[in-house]
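Examination of the molecular architecture
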Amino acid sequence: MSWSDERVELLKKMWGEGQSASQIAKELGGVTRNAVIGKVHRLGLSNRSGSGGSDSSKAKPAAKAKPAARAKASKAEPKTETTKEAAPATPVSRVKAIIPAGQPLPPQPSANEIDPEALAKVNEIEKKAKKLSLMELTERTCKWPVGDPATPDFWFCGLPVQSGKPYCEAHVGVAFQPMSSRRDRRR
């Protein structure tokens, strides 16, 4: 089944009348309720949060009033129409963006949040690190990543791990800090 122009127009008309996706699918034939919902979403039609749409006899009288109400609203209060359309876009902005490989990473914890002694120890240890690739890691090697994974310079520490931890002693000192010391540094 393909979405011909006629079928799309019928979908738009029925959706505007307040009919449910199931009713529209039944009327169109050859499509599922979910296909109708997907097409409505791709077309950017409103979500009609106010209409019930379950009873077709209730939906049709409301459909006659809707175009007239829309025309009046657009002439009298253009801001109201814009506000309704802008409201659904708000939750989308809260979604975290996926950062493609090779792009700068988001801000990492600043140096003042990490114990300076632990940081100095890490710098010394990383000079002695085995610089393993992902395929060379075992349960006994430190899995602390160093560098940007999108570059060829990326590697893992590879030194022997501290018992029960995924990192060597130096990286454990950075990764697992006591809660009280972190609180003290923030004040």
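The numbers attached to residues start from 1 for each chain and follow its sequence in the written order. The model is predicted, so local features are restricted to residues of pLDDT at least 70 and side-chain atom pairs to those at 80 or more, both for listing and for counting; the totals for chains, interfaces and linings are taken over all residues. The basis for every side-chain value is the complete set of heavy atoms in the structure, and neither hydrogens nor water enter the calculation.

Description of the overall build of the chain
Helix and strand assignments come from DSSP, with helices taken as H or I runs of at least 4 residues and strands as E runs of at least 2, each series counted from the N terminus. Of the regular secondary structure elements, the chain holds 9 helices and 2 strands. Along its sequence from the N terminus, the chain presents helices and strands in the succession α-α-α-α-α-α-α-β-β-α-α. Throughout, exposure labels follow a simple rule: accessible area from a 1.4 Å probe, protein chains only, divided by the maximum for the residue type, with under 20% read as buried, over 50% as exposed, and the rest as partly exposed. For the chain, the residues scored as buried account for 22% of the 187 residues in total. A fraction of 51% describes how many contacts in the chain between residues 6 or more apart in sequence connect residues 24 or more apart. Note on areas: Shrake-Rupley, 1.4 Å probe, and residue coverage restricted to the protein chains presented here. Total accessible area computed for the chain in this model is approximately 13800 Å², and 56% of it derives from carbon and sulfur atoms. By definition in these notes, contact holds between two residues if any of their heavy atoms fall within 4.5 Å.

Digging into the pattern of salt bridges
When a carboxyl oxygen of Asp or Glu is within 4 Å of a side-chain nitrogen of Lys or Arg, the pair counts as a salt bridge. Summed over the entire model, instances satisfying the criterion amount to 3 salt bridges. Across the pair Lys 12 and Glu 9 runs a salt bridge whose closest N-O atoms are separated by 3.8 Å. Taken together, the positions of Lys 12 and Glu 9, both in helix H1 (residues 5–16) and 3 residues apart, correspond to about one turn of that helix. Here Lys 127 and Glu 124 are joined by a salt bridge, their closest N and O atoms 3.6 Å apart. Of this pair, Lys 127 and Glu 124 both sit in helix H7 (residues 116–128), 3 residues apart, which is roughly one turn of the helix. You can call Lys 127 exposed: its relative accessible area is 64%. We classify Glu 124 as partly exposed; its relative accessible area is 43%.

A look at the state of the cysteines
Simply put, disulfide is the name for a covalent bond between the sulfur atoms of two cysteines. Note that a disulfide, as used here, is simply two cysteine sulfur atoms within 2.5 Å. This structure, assessed with the given rule, holds 0 disulfides. The structure places no disulfide on Cys 142, whose sulfur is separated from the nearest cysteine sulfur, that of Cys 168, by 3.8 Å. When its relative accessible area of 0% is taken as the criterion, Cys 142 is described as buried.

Let's talk about helix H2 (residues 21–28)
Within H2, the full set of buried residues consists of Ala 21, Ile 24, Ala 25 and Leu 28. Projected down its long axis, H2 carries its buried residues within an arc of 100°, all on one side. Exposed and facing more than 90 degrees away from the buried side of H2 are Lys 26 and Glu 27. Phi for Gly 29, located one or two positions after H2, is positive at around 75°. The directions from the helix axis to the C-beta atoms form the arc being described.

A word on the packing of H1 against helix H3 (residues 33–43)
In this analysis an axis means a line fitted to C-alpha atoms, helices contributing only their contacting stretch, and an angle means the value between N-to-C directions, from 0 to 180 degrees. Axis separation between H1 and H3 bottoms out at 11 Å; the angle between their running directions is 90°. Judged by the angle between their axes, H1 and H3 are roughly perpendicular. Side by side, H1 and H3 meet where Val 8, Leu 11, Lys 12 and Trp 15 of the first sit next to Val 36, Lys 39, Val 40 and Leu 43 of the second. Classification convention: Asp, Glu, Lys, Arg as charged; Ala, Val, Leu, Ile, Met, Phe, Trp, Tyr, Cys, Pro as nonpolar; all other residues, Gly among them, as polar. Considered class by class, the residues forming the contact of H1 with H3 number 6 nonpolar, no polar and 2 charged. Roughly parallel covers angles under 35 degrees, roughly antiparallel covers those over 145, roughly perpendicular covers 65 to 115, and oblique covers all other angles.

Overview of the confidence of the model for the chain
Should pLDDT be low for a region, the predicted coordinates there are not to be read in detail. This prediction gives the chain a mean pLDDT of 73; 57% of its residues lie at or above 70. Think of pLDDT as the predictor's per-residue confidence, scored from 0 to 100. pLDDT under 50 marks residues 51–65. Its contacts with residues more than four places away, or in other chains, come to 13 contacts. Within the model, pLDDT remains below 50 along residues 76–92, and this stretch shows 4 contacts once partners closer than five positions in the same chain are excluded.

What about H3?
Restricting attention to buried positions, one finds in H3 the residues Val 36, Lys 39 and Val 40. Buried positions in H3, seen along its axis, are confined to an arc of 100° and lie on one side of it. Among the exposed residues of H3, those pointing more than 90 degrees away from its buried face are Asn 34, His 41 and Arg 42. In the core, the buried residues of H3 are packed alongside H1 and H2. Looking one or two residues past H3, Gly 44 carries a phi angle of roughly 75°, positive in sign.

A word on the side chain of Thr 141
Within the secondary structure, Thr 141 sits in the loop between H7 and strand S1 (145–146). N or O atoms closer than or at 3.5 Å make up a polar contact, with two conditions inside protein: a donor-capable atom paired with an acceptor-capable one, and, for residues adjacent in sequence, both atoms drawn from side chains. In terms of polar contacts, Thr 141 uses its side chain to reach the backbone amide nitrogen of Thr 138, at 2.8 Å. Aside from chain neighbours lying at most four places away, what touches Thr 141 is Leu 132, Gly 158, Leu 159, Val 161 and Pro 166.

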